[in-house]
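An overview of the molecular structure
Here is how the chains run, residue by residue.
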Amino acid sequence: MGRLEGKTAAITGAGGGIGKAAAELFAAEGAVVVVLETDEKPGRSVADSINDSGGRALFIQTDISDEKSVIAAFSVIEESLGRLDVLYNNASVFLGGSDASVTKLSTTVWHKILSVNLNGLFYCCKYGIPLLINSGGGAVINTSSSAGVIGIPKCDAYTATKGATISLTKSMAVEYGPHNVRVNCIAPAAIATPMVLESNFKDPEFDEQRFLATTPLRKWGQPEDIAGIALFLASDEASYLNGAVIVADGGITVV
Ligand SMILES: NC(=O)c1ccc[n+]([C@@H]2O[C@H](COP(=O)([O-])OP(=O)(O)OC[C@H]3O[C@@H](n4cnc5c(N)ncnc54)[C@H](O)[C@@H]3O)[C@@H](O)[C@H]2O)c1
């Protein structure tokens, strides 16, 4: 029996990177997976490939920064699947090259990053948590970053959203614990995904060899490394874990 047998899990940003790896892993462990992704082609392709390989997945094109889109997505989940057990808030944008230190950061870019990373998180929790409660409880998995744990320069809008994600995780853990909803957070870094290509490799000052030499595990993480942690948090094995922030960064933030 799979570790998520009988559960329905919605994953935002499941068209690529960590979200895609989690969608595939959750489905392999028996969950019905809802792919909430703004980019239609990869989102549909992830759901199709899960269904073709014997799993169950539903793609709903969703822009988490658009409240109406989020309301519509959770209505479809409620009407077509009747329950929700796991809400994995994974989608974010980084906007490397546009995000910057506050004095150099354009107000437009600030709002753009907050609209996805923070408003999107808020909308998904606002409309997703009632479905978890109606299903008798469940798990919310939020996504911060090393940028939410230590100071990382030149991406202040992203950093602000990732710090806020940790604070919101803790307040929601307190608020929804009595409803049997566990709220935890993963803070990754250095996972080899399109976001890292955008954030590190577009920066002319980035030196991969030096970066790896100062990373205790001396390697990039893979999307599956984070998906495995999300699987644990989604499963009943984490039944007494609430309000936790799991820093999954190869040790970068403890150096
Ligand atoms: N990769 C890393 O090293 C790293 C480090 C720290 C934190 N994180 C966090 O992990 C999460 C996943 O990162 P990733 O590296 O897989 O990113 P990614 O950019 O590779 O994938 C993000 C996915 O989210 C989707 N998305 C973007 N905006 C959306 C929106 N408005 N609505 C719905 N979907 C949207 C994208 O289309 C994409 O499929 C993010 O929250 C990110 O901040 C990643």
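Being a predicted model, the structure only gives us computed values, none of them experimental.

**A short note on the overall build of the protein chain**
Each helix and strand counted, the protein chain has eight helices and seven strands in total. For 255 residues, the compact-globule estimate of 2.2 N^0.38 gives 18 Å, and the protein chain sits close to it at 17 Å. The C-alpha extent of the protein chain, read off along each of the three principal axes, is 50 × 35 × 35 Å. Here the protein chain, with 255 residues, has 50% of them falling under the buried criterion. Of the contacts made within the protein chain by residues no fewer than 6 positions apart, 73% connect residues no fewer than 24 positions apart. Of the roughly 11,700 Å² of accessible surface on the protein chain, 54% is carried by carbon and sulfur atoms. Seen as two clouds, the 19 positive and the 27 negative side-chain charges of the protein chain have centres 3 Å apart.

**Observations concerning unusual backbone geometry**
A positive phi angle is found at L95, which is not glycine, with a value near 55 degrees. Within the secondary structure, L95 is located in the loop between β4 (86-88) and α4 (107-134). With phi around 70 degrees, K154 is a residue other than glycine that occupies positive phi space. Its place among the elements puts K154 in the loop between β5 (138-143) and α5 (156-176).

**Brief notes about the sheet that holds strand β7 (residues 245-248)**
The strand order across the open sheet formed by seven strands is β3-β2-β1-β4-β5-β6-β7, and the pairing between neighbours is parallel. Pairing within the sheet leaves two strands with one partner each, and these edge strands are β3 (56-61) and β7. Each neighbouring strand pair of the sheet contributes to a mean axis angle of 15 degrees, computed without reference to strand direction. When strand β1 (residues 8-12) meets strand β2 (residues 32-37), the two strands line up parallel, connected through five bridges. Across the sheet, the residue bridging to A10 is V34, located in β2. Against the sheet, helix α1 (residues 17-28) contacts β1, β2 and β4, and its axis sits at roughly 170 degrees relative to β1.

What counts and what doesn't
- Residues numbered from 1 in each chain as written.
- Predicted model: local features only at pLDDT ≥ 70, side-chain atom pairs only at ≥ 80, totals over all residues.
- Heavy atoms only, no water.
- Helix = DSSP H or I, 4+ residues; strand = E, 2+ residues; numbered from the N terminus.
- Rg over C-alpha atoms; globule rule 2.2 N^0.38 Å.
- Buried < 20%, exposed > 50% of the residue type's maximum accessible area, 1.4 Å probe, protein only.
- Contact = heavy atoms within 4.5 Å.
- Areas by Shrake-Rupley, 256 points an atom, 1.4 Å probe, with all protein chains shown as cover.
- Lys, Arg positive; Asp, Glu negative; His and termini not counted.
- Charge placed at Lys NZ, Arg CZ, Asp CG, Glu CD.
- Pairing = 2+ DSSP bridges.
- Axes fitted to C-alpha atoms, helices over the stretch in contact; angles between N-to-C directions.

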